[in-house]
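So the chains spell out like this:
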Amino acid sequence: MGDSDGEDIKETPELPVEIIVYILSFLHASDRKEASLVCRSWYYASQDLRFQKNVTFCFPASASSLELVRGLGRKSRCSLIISQLDGFSMSRSLLLEVGLCLGSKLESLALPGSSITEASLLALLPRLTSLRRLDLRGLDSLFMSGAFLSREEHRQQVRSALSGLEELDLSDLRYLSDLTFNRLTSCTPRLRRLSLAGCHIAFEFDPYRGCPVGAVEDSSALLSLRNLRRLLTEQKSTLVALDLSRTSITPESLRTIAQVQDLVLEELCLHGCKELTDYSVEALVKHQPSLQRLDVSACTELTSRSVEAIAQGLKSLTHLSLSRDWRITEKGLADLLSVSSLRGLDLSECLHISGTEIVKGLTGSSASRAQLETLSLKSCTYIRVSQCVCVFMSNYVCMKNRREKTSFSLLSLQDLAVFSLAQLLGDTLCELDLTSCVNVTDLSVCAIATYLQKLVVLRLGWCKEVTDWGLLGMVETTKCVPDEEMGDKGPRFTRTFGNMGFFKPPRLPFEERPKLVTQNDLEQFRQQAGASLLALSRLQELDLSACSKLTDSSITQVVRHADLHRLSLSMLPEITDASLASVAWYCRSLTSLALSHCPGISDCGVAQAVPYLHRLQHLYLSCCDKITDRSLFLLVQHCKRLRTLDISRCKNISATTMDLLQSQLPFLENVHYKFIGGADLTLTL
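The name an unreviewed UniProt entry assigns to the chain is F-box and leucine rich repeat protein, from the organism Lates calcarifer.

In structure tokens form, the structure reads like this:
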């Protein structure tokens, strides 16, 4: 090799594009994006059609966006989200460029936070001949005059282009009326999904004319139930999803919609419809038994009677949200969890859920019970379990502490419920939310790490009893004491203030600080194969915010997930720069990192971390007093993709550096910098 004159050196041949495409097919989208930067051939391979499905390009309206749109013209298909459009010339030019370059290639278009004119949209829509999804939510400027699509020639042009439109989002339109709704929907004859969430719909009474809805043919002031029913009747053969969230729909109105002949809905969202009752849910279930997704969250009048009706009538149900339905109790949950098709269940903030019926419903054979993939028990603080769960937990404690006398009285009822659910759902559960389940302790974390190793999302925010020991999968030895020493002895009588007698209350759990993890404990952790958080190798989102007993001892040892995208360590007063540096080194796929209210985080930690966080898009550092201008300069240097930054109440950051940051980061959209440098600077982006 040393005598070679250069003629014998052969260049490594380039891999065929087909081979590179095959290699990239095993990567996550974010990893594939990084691989596309290797060289030109890898970039071309990353643009293969199989990778372009459901790819959406999101950007604000600006002069630089024109070049981006022209570049997208080389793609065979694409989807756009363009924000901050207005009625000025630059926005009109951008929409014109979209129509010219992407007209026959655009599949989805959304215009959030915009205020465009009718003329601008009417010039664009006839060119979008391949459009399948149109999002006009909140675009009041289009409908305020009531003249949108009032001319027949305009309707014909739009109808010829949007004849294949499948999804239409008209949420939060304040000025949507019968006239404008009819004109627009007459141009979209094959709708599959329609959203009217937050719209002013008159279901029973027309407040403008002082008469019942339907007495006047077409209203120019509001959208009526009669008109909505007419659309459902006309497009019943294609429409399968309807969103009426945050409307004033009444029980009779829902019954009217459900009874539309030959209408077969698969998805229905009724979030925040506070007038709905159990009667309306029973009528819905009776007339729409094919529903697969149902959201009745924040419908505060619903009770367990609705749950029983859903369990008995919707045998094809896959996803159900009962969040914030405060009157719901355990009744009917066992039958609900016997629906074998159920994959997602949201019971967050259902304060009367105790857990007994949940476990009962999941105890049967796998073929006859729900195979849950997502479960939310956020703020369910009163979980209780049956005696069978205690047996499960006893076996676990004996297995983990065979040589120690662990007190069974230390196991909270909520720990028992989490342990049982972990065992029963270990084969399927991918997302678990236990936020604000304040009685969850280290034993619950151990059970999760042992049985739920397919988890992709885990939220433990505000579980204040979780400590380093739980994340490490170890048992705190100070708690291994006999029952009689740790049992609750109740209030104690004491004599103080002369001869007056007072009761001294029992010691509360939050008054006791956990034993700190020592170096010897960490050595033991490294040598044993325990149920630590490391076992959850598939994690992509982890929330440990406000678990105030966590320290560097656990964060540096177990938060080592290569595929982790979103991590929240906010309000952890004991962590320092060591945790930040460790997280950055082991979790290089992070796109969102929350460190707000962490007083131990400083410029030194940021300097060690940001060289490994090139993918970071959202960073939250509010109330971190040790963060200074130096950190912002480091972000400008290393985190070019940053879109959201929160440095509110960081006293050592100057407004001048903040202005420099905004000018240097091209994708930065949201900046929160209230009270920086001691001043009250409001957001002006």
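When helices and strands are tallied, the chain shows 26 helices and 26 strands. Looking at the chain as a whole, 50% of its 685 residues qualify as buried. Expressed as a percentage of contacts within the chain between residues at least 6 apart in sequence, the contacts between residues at least 24 apart total 77%. Just so you have it, the chain exposes about 32200 Å², and 52% of that area is on carbon and sulfur atoms.

Our focus in this paragraph is the packing of helix H25 (residues 629-638) against helix H26 (residues 655-664). In the contact formed by H25 and H26, the axes pass within 10 Å of each other and the chain directions differ by 5°. It follows that H25 is roughly parallel to H26 by the angle criterion. Across the interface between the two elements, Asp629, Leu632, Phe633, Leu635 and Val636 from H25 touch Thr657, Met658, Leu660, Leu661 and Gln664 from H26. Here the residues of the contact of H25 with H26 are counted per class, giving seven nonpolar, two polar and one charged.

For the rest of this paragraph, the subject is the confidence of the model for the chain. Per-residue confidence for the chain averages 84 on the pLDDT scale, and 82% of its residues sit at or above 70. Below pLDDT 50 for its whole length, residues 384-410 participates in 49 contacts with residues either more than four positions away or in separate chains. Confidence over residues 480-488 falls short of pLDDT 50; this stretch has 13 contacts with residues more than four positions distant or in other chains.

Where burial is concerned, most of strand E3 (residues 106-110) is hidden: four out of the five residues are buried. In this sheet, E3 lies alongside strand E2 (residues 78-83) in parallel orientation, the contact comprising four bridges. Residue pairing in the sheet places Ser79 in a bridge with Ser108 of E3. Chirality of the crossover, the property in question, places the unit of E2, helix H5 (residues 89-102) and E3 among those that are right-handed. Where E3 and strand E4 (residues 133-135) come together, three bridges link them in parallel fashion. Following the sheet pairing, Ser108 is matched in E4 by Arg133.

Trans peptide bonds make up the majority, and among non-glycine residues the majority have a negative phi. One non-glycine residue, Ala546, adopts positive backbone phi at about 65°. Within the element layout of this structure, Ala546 appears in the loop between strand E21 (541-543) and helix H22 (552-558). Note on Ala546: relative accessible area 4%, which makes it buried. We note that Arg649 has phi near 65°; this positive angle belongs to a residue other than glycine. Structurally, the position occupied by Arg649 is in the loop between strand E25 (644-646) and H26.

As a further point, take the pattern of salt bridges. A complete count under the given rule lists 25 salt bridges for this structure. Glu153 serves as the salt-bridge partner of Arg151, at 2.5 Å between the closest nitrogen and oxygen. Between Lys236 and Asp262 there is a salt bridge whose closest N-O contact spans 3.8 Å. Here Lys236 is found in the loop between helix H10 (225-234) and strand E11 (241-243), whereas its partner Asp262 is found in the loop between helix H11 (251-258) and strand E12 (267-269), with 26 residues between them in sequence. Relative accessible area serves as the criterion here: at 54%, Asp262 is assigned to the exposed category. Within this structure, Glu431, Asp433, Arg459, Glu541 and Arg566 form a network of salt bridges that share partners.

This part takes up the nonpolar core. By size, the foremost hydrophobic cluster in this structure holds 171 residues, and its most contacted members are Leu194 and Leu196. Inspection of this core shows a minimum of three residues originating in each of domain 1 (329-386 + 412-474 + 516-536) and domain 2 (540-684). If we skip the residues at most four places from it in the chain, Leu196 touches Leu170, Ser171, Leu176, Phe181, Ile201, Leu223, Leu228, Asp243, Leu244 and Thr247. Within the second largest apolar cluster, six residues are counted, among which are Val21, Leu24, Ala45 and Phe51.

Moving on, we get to H11. For H11, the full list of buried residues reads Pro251, Ser253, Leu254, Ile257 and Ala258. Along the axis of H11, the buried positions cluster into a sector of 160°, meaning they face one direction only. At its buried positions, H11 is contacted by H10, E11, E12 and helix H12 (278-287).

A grouping of Leu15, Ile19, Tyr22, Ile23 and Phe26 is seen on the molecular surface, where their side chains present a nonpolar patch of about 510 Å² in accessible area. Mapped onto the fold, Tyr22 is located in helix H1 (residues 17-24).

Below, the discussion takes up the side chain of Ser83. Within the element layout of this structure, Ser83 appears in strand E2. What makes Ser83 buried here is its relative accessible area of 13%. Among residues more than four places away in sequence, those in contact with Ser83 are Phe59, Pro60, Ala61, Pro112 and Ser114.

Summarising the element assignment, Ser91 is placed in helix H5. For the pair Ser91 and Leu66, spaced 25 residues apart in sequence, the C-alpha separation works out to 9.8 Å.

On to H1. Along H1, the residues classified as buried are Ile20, Val21 and Leu24. For H1, the angular spread of buried residues about the axis comes to 100°, placing them on one side. Turned more than 90 degrees away from the buried face of H1 sit Glu18 and Tyr22, all of them exposed. Buried residues along H1 sit in contact with helix H2 (29-35) and helix H3 (40-46).

Right, let's get into the packing of aromatic side chains. The geometry of an aromatic ring pair is captured by two quantities: the separation of the ring centres and the angle between the planes. Summed over the entire model, instances satisfying the criterion amount to five aromatic pairs. Residues Tyr43 and Tyr44 carry aromatic rings whose centres are separated by 5.9 Å and whose planes lie at 55° to one another, so their mutual orientation is tilted. By relative accessible area, Tyr43 is classed as partly exposed at 39%. Seen in terms of ring centroids, Phe419 and Tyr451 are 5.5 Å apart; in terms of plane orientation they differ by 85°. Their pairing is edge-to-face. Here Tyr451 lies in helix H18 (residues 442-451) and Phe419 lies in helix H17 (residues 413-424), a separation of 32 residues in the sequence. On the basis of relative accessibility, which here comes to 1%, the residue Phe419 falls in the buried class. What makes Tyr451 partly exposed here is its relative accessible area of 26%. A cation over an aromatic ring shows up here: Arg588 above the ring of Trp585, its NZ or CZ 4.3 Å from the ring centre.

Definitions and limits used
Note on numbering: residues in each chain are counted from 1, in written sequence order. Local features in this predicted model are restricted to residues of pLDDT 70 or higher, and side-chain atom pairs are both shown and tallied only at a pLDDT of 80 or more, whereas totals for entire chains, interfaces and linings draw on every residue. Each side-chain value is derived from all of the structure's non-hydrogen atoms; neither hydrogens nor water enter the calculation. Helix numbers and strand numbers start at the N terminus; a helix is a DSSP run of H or I with at least 4 residues, a strand a run of E with at least 2. Classification of residues uses two cut-offs on accessible area relative to the type maximum, computed with a 1.4 Å probe and protein chains only: under 20% is buried, over 50% is exposed, and between them is partly exposed. Whether two residues touch is decided by their heavy atoms; if any such pair falls within 4.5 Å, the residues are in contact. The Shrake-Rupley method, run with a 1.4 Å probe, gives the accessible areas here. Residue values count only the displayed protein chains as cover. Here, axes are lines fitted to C-alpha atoms. For helices the fit covers the stretch in contact, and angles between N-to-C directions go from 0 to 180 degrees. Angular relationships are summarised with four words: roughly parallel below 35 degrees, roughly antiparallel beyond 145, roughly perpendicular across 65 to 115, and oblique for the angles in between. Gly is put with the polar residues, along with every residue not named as nonpolar or charged; the nonpolar set is Ala, Val, Leu, Ile, Met, Phe, Trp, Tyr, Cys and Pro, and the charged set is Asp, Glu, Lys and Arg. pLDDT: the predictor's confidence for each residue, scored from 0 to 100. Two strands form a pair only when DSSP identifies at least two bridges running between them. A crossover counts as right-handed when, viewed with the strands pointing away from the observer, the path leading from the first strand over the helix to the second turns clockwise. Any carboxyl oxygen of Asp or Glu that lies within 4 Å of a side-chain nitrogen of Lys or Arg is treated as forming a salt bridge with it. Nonpolar cores are built from buried Ala, Val, Leu, Ile, Met, Phe, Trp, Tyr and Cys residues. Side-chain atoms within 4.5 Å join them into one set. Each domain's extent is set by a domain assignment, obtained either automatically or from a database. Here, the arc refers to the directions that run from the helix axis to the C-beta atoms. Residues form patches when they are more than 30% accessible in relative terms and have no salt bridge. Like charges link within 9 Å. Nonpolar side chains (Val, Leu, Ile, Met, Phe, Trp, Tyr) link within 5 Å. Only Phe, Tyr and Trp rings take part, Trp by its six-membered ring, and two of them pair if their centres are within 6.5 Å. Stacked means planes under 30 degrees apart, edge-to-face means over 60, and tilted covers everything else. Either the NZ atom of lysine or the CZ atom of arginine qualifies as a charge over a ring when it sits within 6 Å of the ring centre and within 35 degrees of the ring normal.

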